[in-house]
Amino acid sequence: MCPADQTVTTNNDHLVQSEDPEHPANLIPELCRKFYNWGWVTGTGGGTSIRQGEHIFIAPSGVQKELMQPNNIFVLQWPTPKYPASDRNYIRKPLKLNPSACTPLFLTAFEQGAGCCIHTHSQWAVLVTLLVEREKGPDACFEISNIEQIKGIPRGKGKGMLGFFDTLKIPIIENTAFEEDLTSGLEAAMNKYPDTYAVLVRRHGIYVWGDNTAKAKTQCESLDYIFQLAVEMHKLGLPWVK
Ligand SMILES: CSC[C@@H](O)[C@@H](O)C(=O)COP(=O)(O)O
Ligand SMILES: [Zn+2]
């Protein structure tokens, strides 16, 4: 059932009502429709969150993400505690809905200065985590070089973009039974790879963030392209790093 059919809102509705297509409450449903068509957020998995000034906009949990409407969006006052969830400063809560289980992970990206964080269950991302032979643990990492699309990924904050001859490195963390329990792994990966804008989750998907929504989206697109290419290269016996 479409979440719009179930939602009755009572508080601060003006925070999600805007004629501006760039407003986060309009952008999140619009992006999720695109992501659904790209196989990133099917079956209610995945999602996205946007920070605008002192507000964080978050999708509801367990809904068909491609059918989401602006009035289904939660708004958090920023900054806000990651834990416990009950202490978070929601200033708009659609009734009968819960905020995304990805919320503490999105908040972790916003603490790094991100303006938008995207979580996908892309099969290419999942396959890459299965193909990386390296031992499980803090060193697990996907690496690839000499691919033009690497130029779509930043070297790190304020450091420009990677070059053709650079090696793109995306850390991989292990999945957990519950989405929110991924948070400490995400934080550890960010500490070990302070320049990264993405973390893969084995057998699950990826979190990608950017300084703003356009950057998060284009970086996520570049990575998904690279992961698909990497899977095909592997099938052909071609190495990822020259
Ligand atoms: C198919 S269920 C997937 C969820 O458990 C989770 O991994 C996810 O990405 C979405 O969580 P949600 O709480 O619906 O935003
Ligand atoms: Zn997920």
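Refer to the structure presented above.
Now for a description of the structure that goes with this document. (Residues numbered from 1 in each chain as written. Chains lettered and ligands numbered in written order. Predicted model: local features only at pLDDT ≥ 70, side-chain atom pairs only at ≥ 80, totals over all residues. Heavy atoms only, no water.)

Brief notes about the coordination of the zinc ion (ligand 2)
- Coordination sphere of the zinc ion (ligand 2), protein contribution only: H119 (NE2), H121 (NE2) and H204 (NE2), at 2.0 to 2.1 Å.
- When the donor residues of the zinc ion (ligand 2) are listed from N- to C-terminus, their spacing reads H-x1-H-x82-H. Note that H119 is positioned in strand β5 (residues 116-120) and H204 in the loop between β8 (198-201) and β9 (205-210), a separation of 85 residues in sequence. Across this residue pair, the class does not change: H119 and H204 are buried. (Donors = N, O, S within 2.8 Å, 3.2 Å for Na, K, Ca; no water. Helix = DSSP H or I, 4+ residues; strand = E, 2+ residues; numbered from the N terminus. Buried < 20%, exposed > 50% of the residue type's maximum accessible area, 1.4 Å probe, protein only.)

Observations concerning the packing of aromatic side chains
- Per the stated rule, a full pass over the model turns up 9 aromatic pairs.
- Seen in terms of ring centroids, F164 and F165 are 4.9 Å apart; in terms of plane orientation they differ by 85°. Their pairing is edge-to-face.
- A relative accessible area of 27% places F164 in the partly exposed class.
- The exposure class of F165 is exposed, given its relative accessible area of 70%.
- What links up through ring pairs into an aromatic cluster is the set F35, W38 and W40. (Phe/Tyr/Trp six-rings, centres within 6.5 Å; stacked < 30°, edge-to-face > 60°.)

Let's talk about the site of ligand 1
- Contacts to ligand 1 come from 14 residues, most closely from S61, G62, S100, A101 and E179.
- At 2.7 Å, a backbone N or O of G62 approaches an oxygen atom of ligand 1.
- With respect to ligand 1, the backbone of A101 contributes an N or O atom lying 2.8 Å from an oxygen atom.
- About the coverage of ligand 1: the protein hides 72% of its 410 Å² of free accessible area.
- Taken together, the residues that form the shell around ligand 1 break down as 2 nonpolar, 10 polar and 2 charged. (Near = heavy atom within 4 Å. Polar contact = N/O pair within 3.5 Å; in protein donor to acceptor, adjacent residues only side chain to side chain. Areas by Shrake-Rupley, 256 points an atom, 1.4 Å probe, with all protein chains shown as cover. Nonpolar A, V, L, I, M, F, W, Y, C, P; charged D, E, K, R; others polar.)

What to know about the pattern of salt bridges
- Taken as a whole and assessed by the stated rule, the structure comprises 14 salt bridges.
- Note that K34 and E30 form a salt bridge whose closest N and O atoms lie 3.1 Å from each other. Within this pair, K34 and its partner E30 are both found in helix α2 (residues 24-37), separated by 4 residues, close to a single helical turn.
- Here K34 falls in the partly exposed class, since its relative accessible area comes to 32%.
- Note that E232 and K235 form a salt bridge whose closest N and O atoms lie 3.4 Å from each other. Here E232 and its partner K235 are both found in helix α6 (residues 213-235), 3 residues apart, which amounts to about one turn of the helix.
- Overall, the relative accessible area of 31% leaves E232 in the partly exposed class.
- Three or more residues joined by partner-sharing salt bridges are found here, namely E30, R33 and K34. (Salt bridge = Lys/Arg side-chain N within 4 Å of Asp/Glu carboxyl O.)

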